[in-house]
Amino acid sequence: MAHQSFSKTVLETALLLANQGNGQVNTEKLSIELGLKNSREHKQLTNTLRDLHKAGRLQRIALGIYGPPLQKPLPNKREVMWRILRMRRRVNVEDLMEMAGVSKGYAKEWLRILVNRDVVRKEQQPGLPGTWHLINDLVDMPEDDTKAAKLRALRLKKKEAVSLIDTTLKSLQTASEALNKARSTITRMEEL
């Protein structure tokens, strides 16, 4: 089973708590419900809530208070493509471009993910555009976690690089202090 993103968890929890209460939830209650333990995690929560508000997925009622959006947001482009594929059972890139309003590259990338997950099979005859056939009809659309994995790896490399820089700076600072001590000792020796 794919790992659910933090953003999706926050959205689902916020909507659940808002529906259980008076149509709104504050960040403190949400933080407690999500089990956030420190200020860094709480900051991630507030940033995620801001992004969900900007995307129209949550309504910001007041400072730190959120609720369901006033209007239902437009469906995700991948969800639209998934519905089209499930309904038609066979699609081509041009179908997805026209019906879902996506670019050619986006449709191709999404279909490539589905091929790799054995959800669709590509068939192509010489001189004709490729056609993708649904071979494994899953109820839920497969999640694309490759980009998330790449971003996690990138963040890990960034942390390692920053740590290496910090270690190098400390070493340089220690060396600089030792050189300054040696310089002052030599200067004092010359004065004698």
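Preceding block: the structure.
My aim in this report is to walk through the structure given alongside it, one point at a time. (Residues numbered from 1 in each chain as written. Predicted model: local features only at pLDDT ≥ 70, side-chain atom pairs only at ≥ 80, totals over all residues. Heavy atoms only, no water.)

**Comments concerning the overall build of the chain**
Part 1: Within the chain, the regular secondary structure consists of 7 helices and 6 strands.
Part 2: Ordered by position in the sequence, the α and β elements of the chain form the string α-β-α-α-β-β-α-β-α-α-β-β-α.
Part 3: For 192 residues, the compact-globule estimate of 2.2 N^0.38 gives 16 Å, and the C-alpha radius of gyration of the chain, at 27 Å, exceeds that figure by more than 25%.
Part 4: Here the chain holds 192 residues, and 24% of them are scored as buried.
Part 5: Long-range pairs, those at least 24 residues apart, make up 48% of the contacts in the chain with a sequence separation of at least 6.
Part 6: Accessible surface for the chain amounts to roughly 14100 Å². Of this, 55% is attributable to carbon and sulfur atoms. (Helix = DSSP H or I, 4+ residues; strand = E, 2+ residues; numbered from the N terminus. Rg over C-alpha atoms; globule rule 2.2 N^0.38 Å. Buried < 20%, exposed > 50% of the residue type's maximum accessible area, 1.4 Å probe, protein only. Contact = heavy atoms within 4.5 Å. Areas by Shrake-Rupley, 256 points an atom, 1.4 Å probe, with all protein chains shown as cover.)

**Section: the nonpolar core**
Part 1: One finds Leu85, Leu96 and Trp110 to be the most contacted residues of the largest nonpolar core, which totals 19 residues.
Part 2: Those elements giving two or more residues to this core turn out to be α4 (77-88), α5 (93-100), α6 (104-116) and β6 (131-134).
Part 3: When residues in this core are grouped by element, the largest group, 5 residues, is from α4.
Part 4: Apart from residues no more than four positions distant in its own chain, Trp110 is found in contact with Arg78, Met81, Trp82, Leu85, Leu96 and Met141.
Part 5: Core analysis: the second largest hydrophobic core is formed by 12 residues, Leu11, Ala14, Val25 and Leu58 among them. (Core = buried A, V, L, I, M, F, W, Y, C linked by side-chain atoms within 4.5 Å.)

**A few points about the sheet that holds strand β5 (residues 120-123)**
Part 1: Strand order in this open sheet of 3 strands is β4-β6-β5, and the pairing throughout is antiparallel. At either end of the open sheet lies a strand with only one pairing partner, and these are β4 (90-91) and β5.
Part 2: Here 2 bridges tie β4 to β6, and the two strands are oriented antiparallel to one another. Following the sheet pairing, Val91 is matched in β6 by Trp132.
Part 3: Sheet strands in contact with α6 are β4, β5 and β6, and its direction is about 115° off that of β5. (Pairing = 2+ DSSP bridges. Axes fitted to C-alpha atoms, helices over the stretch in contact; angles between N-to-C directions.)

**Some words on the pattern of salt bridges**
Part 1: This model, assessed by the stated rule, comprises 5 salt bridges.
Part 2: The salt bridge partner of Glu123 is Arg121, with a shortest N-O separation of 3.2 Å.
Part 3: In this structure Glu123 comes out as partly exposed when scored by relative accessible area, which is 35%. (Salt bridge = Lys/Arg side-chain N within 4 Å of Asp/Glu carboxyl O.)

**Some details on the sheet that holds strand β3 (residues 65-67)**
Part 1: The strand order across the open sheet built from 3 strands is β1-β3-β2, with neighbouring strands paired in antiparallel fashion. The open sheet has two edge strands, β1 (25-26) and β2 (59-62), and neither has a second partner.

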